[in-house]
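Here's the letter readout for the chains.
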Amino acid sequence: MTVYVIDDHPLMRDALTMLLHRVKPGLKIIPIHKLNVVESTVEKNGAPSLFCLDLQLPDTLGMSGVHLLKSKYPGVPLAVVTSASASEFEERCLEAGADAFIEKSDTPIQIIASLRSLLISDEAAAIEDAAKPAGPTKLSKRQKQLILMLDQGLSNREIAEKLEISEHTVKVHFWRLFRRLGVNSRTQALHFARTNGWLGI
């Protein structure tokens with residue numbers, strides 16, 4: 001597997017490389033300092049298994065990096081790793097096609113968890129999760145909203161309208177929520193929430 005880390009700060013590229021190796025030892029990790037050399041670098045080093053992209057590169061503006069990578073490599077998972085705030089940019093990145101939004105201010109454990117969900121297959125993740133002792137699961141504000149909306153029986157379209165986001169973004173949020181809870185469906189997510197006393201929060 002080959003991961004391309006696209007960031008113009010050498011220290012951040014090194015930090016992500018270290019965390020990626022903790023997720024999956026033996027990964028081939030290729031650092032890139034700007035977007036306009038991605039294609040030539042991929043041709044030289046092989047097909048990507050994951051892109052880690054900083055939003056603020058010398059040759060990008062706003063969501064341009066996300067749009068470019070998803071247009072050229074639509075089937076490759078893309079994690080945005082940025083110093084920009086989630087409240088301002090997360091929804092926009094997911095709308096543009098990103099699979100994960102990671103803030104550089106997140107803890108190493110949080111970053112590893114996000115990268116792990118993109119690098120390890122569902123089956124392998126399930127086996128690993130089953131081997132871990134059960135513990136408290138921390139949900140984001142958005143994930144708590146989704147649980148409450150599930151309890152109301154709202155469809156993806158209705159949730160999208162309420163939150164003023166696209167159905168695609170709703171699906172991405174559910175995918176992340178299910179992975180966080182270790183479940184595979186809305187019914188299982190609701191059962192988990194009721195069992196843990198989350199409904200009514």
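Each residue is numbered by its place in its chain's sequence as written, counting from 1. Predicted model: local features are reported for residues with pLDDT of at least 70 only, side-chain atom pairs are reported and counted for 80 or more only, and whole-chain, interface and lining totals are derived from all residues. The basis for the side-chain values is all heavy atoms of the structure; hydrogens and waters are excluded.

Details of the overall build of the chain
Selection rule: Helix and strand assignments follow DSSP, with helices taken as H or I runs no shorter than four residues and strands as E runs no shorter than two, numbered in order from the N terminus. When a residue's accessible area, from a 1.4 Å probe over protein chains only, is under 20% of the maximum for its type it is buried; when over 50% it is exposed; and in between it is partly exposed. Residue contacts are defined here by distance: any two heavy atoms, one from each residue, within 4.5 Å place the two residues in contact. For every accessible area listed, the method is Shrake-Rupley and the probe measures 1.4 Å; residues are considered covered only by the protein chains on display.
Scanning the chain for helices and strands turns up ten helices and five strands. Here the chain holds 201 residues, and the buried ones make up 44% of them. The long-range fraction of contacts in the chain, counting pairs at least 24 apart against all pairs at least 6 apart in sequence, stands at 64%. As displayed, the chain has an accessible area near 10,800 Å², and 54% of this comes from carbon and sulfur atoms.

Brief notes about the sheet that holds strand 1 (residues 2–6)
Convention followed: Two strands are said to pair when DSSP picks up at least two bridges between them. Here an angle of 0 to 180 degrees is reported between the N-to-C directions of two axes, which are lines fitted to C-alpha atoms, with helices fitted over the stretch in contact.
Here five strands make up an open sheet; going across it, the order is 2-1-3-4-5 and the pairing parallel. Edge positions in the open sheet fall to strand 2 (28–32) and strand 5 (100–103), since each of these has one partner strand only. Neighbour-to-neighbour, the strand axes of this sheet turn through a mean angle of 20°, independent of strand direction. Relative to strand 5, strand 4 (residues 78–82) runs parallel, the two being bridged by four bridges. Within the sheet, the bridge partner assigned to V81 lies in strand 5 and is I102.

Thoughts on the confidence of the model for the chain
So the rule is basically this: The pLDDT value expresses, per residue, how confident the predictor is, ranging between 0 and 100.
Overall, the prediction assigns the chain a mean pLDDT of 84, with 90% of residues at 70 or greater. With pLDDT under 50 throughout, residues 121–136 is counted as low confidence; its partners more than four residues away or in other chains account for eight contacts.

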